[in-house]
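Given next are the chains, with one letter for each unit.
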Amino acid sequence: MPEFDACCDPAELLDLSGRKGLVVGIANDRSLAWPAALHFRQAGAELAITYVDERTKPHVVPLAARLEAPILLPCDVNAPHELDAVFDAITDRWGKLDFILHAVGSVPPGDLHGRLTDCSAAGFSQAMHVSVHSLIRMAHLAEPLMKRGGSLITLSYLGGERVVENYNVMGPVKAALEATVRYLAHELGPSNIRVNAISAGPVMTRAASGLTGFAGLLDATARVAPLRRNVTADEVGRAALLFASDYTDGITGEVLHVDAGVHVESPVAAAKMNVKSEES
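Residues numbered from 1 in each chain as written. Predicted model: local features only at pLDDT ≥ 70, side-chain atom pairs only at ≥ 80, totals over all residues. Heavy atoms only, no water.

As annotated in an unreviewed UniProt entry, the protein chain carries the name Enoyl-[acyl-carrier-protein] reductase [NADH] and comes from Puniceibacterium antarcticum. The heading Pathway (unreviewed entry) in the UniProt record of the protein chain holds the text "Lipid metabolism; fatty acid biosynthesis." According to the UniProt record, the Sequence similarities (unreviewed entry) comment for the protein chain reads "Belongs to the short-chain dehydrogenases/reductases (SDR) family. FabI subfamily." (UniProt positions renumbered as here; feature names shortened; annotations may be inferred.)

K.L.:
How do you make sense of the overall build of the protein chain when you look at a structure like this?
P.N.:
Check the secondary structure of the protein chain and you find 10 helices and seven strands. Taken over 280 residues, the protein chain has a buried fraction of 47%. Taking as baseline every contact in the protein chain between residues at least 6 positions apart, the subset at least 24 positions apart corresponds to 75%. As displayed, the protein chain offers around 13,700 Å² of accessible surface, 55% of which is attributable to carbon and sulfur atoms. (Helix = DSSP H or I, 4+ residues; strand = E, 2+ residues; numbered from the N terminus. Buried < 20%, exposed > 50% of the residue type's maximum accessible area, 1.4 Å probe, protein only. Contact = heavy atoms within 4.5 Å. Areas by Shrake-Rupley, 256 points an atom, 1.4 Å probe, with all protein chains shown as cover.)

K.L.:
Can you walk me through the packing of aromatic side chains in this structure?
P.N.:
The geometry of an aromatic ring pair is captured by the separation of the ring centres together with the interplanar angle, meaning the angle of the planes. Following the criterion strictly, the structure yields two aromatic pairs and no others. Note on Phe40 and Phe99: the rings are 4.7 Å apart at their centroids and 55 degrees apart in plane angle, and the pair reads as tilted. Linking Phe40 in helix α2 (residues 33-42) with Phe99 in strand β4 (residues 99-102), this pair joins segments that are 59 residues apart in sequence. The pair formed by Phe40 and Phe99 is uniform in burial state, with each residue classed as buried. Seen in terms of ring centroids, Tyr157 and Tyr167 are 4.9 Å apart; in terms of plane orientation they differ by 65 degrees. Their pairing is edge-to-face. In this pair, Tyr157 is assigned in the loop between β5 (150-156) and α7 (170-188) and Tyr167 in the loop between β5 and α7, connecting sequence segments 10 residues apart. (Phe/Tyr/Trp six-rings, centres within 6.5 Å; stacked < 30°, edge-to-face > 60°.)

This is the structure:
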C-alpha cells in the first residue's frame, strides 16, 4: 500500500482543469445551476452557458461573464434547432465535452397548480419534453463528443418517489426522469459515460416559487429532516461538482439525495412532527 502522501495529493482534489462542461438551466443567480457552475469554474473547468430566451438573457449574461464562459447561446429546448446549435458551437470551439448539468423543467401553470387527474395532454407533453426528453436529446448529442467518457448530471426531487402535496404533474415527470437516468446509464456505460441525478431538497428558486404552498413545504421539510434544516443551493452545487469529477468515476445510474435526509423519514414521522408543532 502506498503512503497517504504518495496516493493522495490534496492539490488534485476535484480538479477539473482542462475539462469542458455545458450548463443548461441558469435563469438567474438563484437558480440551482448557478452555484454548480461557480464550483465547476472554480475547479478549473471551461463552461458553455445557455439562457432560455431574450427575457432571461439580461439575467444570465453577467453571470456568464463572471464564469468567463466562451460560449453563451440561447437554448429553449422547445425551439427547433437551438439545442443542436449549442452542440455545434461546442464542437467547433472545443471538439469535445466532458460533462453536462441538465437543470431544466417547465409546465403550464394551469397544469402545475391543478390536480394530476385534470392535467391536459398538452401540459403533460410539454412537461415531459422539457424535463425528460431534453436530457435524452442532450445525451444523444453529447455521446460523440465524449470520446474518453464523461458525466451527465440532472436535477430531480423527492416528489418523483413519493407523493408531495401540490407537486402534482411534476411527480410523474420526475419519476420518468429518474428512470431515464437509469436507462441512459445502462446504454452509455460501455462508452464510459456516467449518468446520475441529484434529488435536491426544496430551495427557494424562481421555479420553486411557482409551487402552491412552497413556503409551508420549506417549513415542514426543515422540521422533519434528520438534519432539522433545509439544504442550500451551494450544497446542491457541490454535489454536482462531485459528479463532474473523477471522484465519482465508479458511480452511474444513481439518484443522490441532497435533502438534509428528509427522504429517509416516513409519513408517520412527518405526521408526528406536524402534531408536535401544532401543540407547541
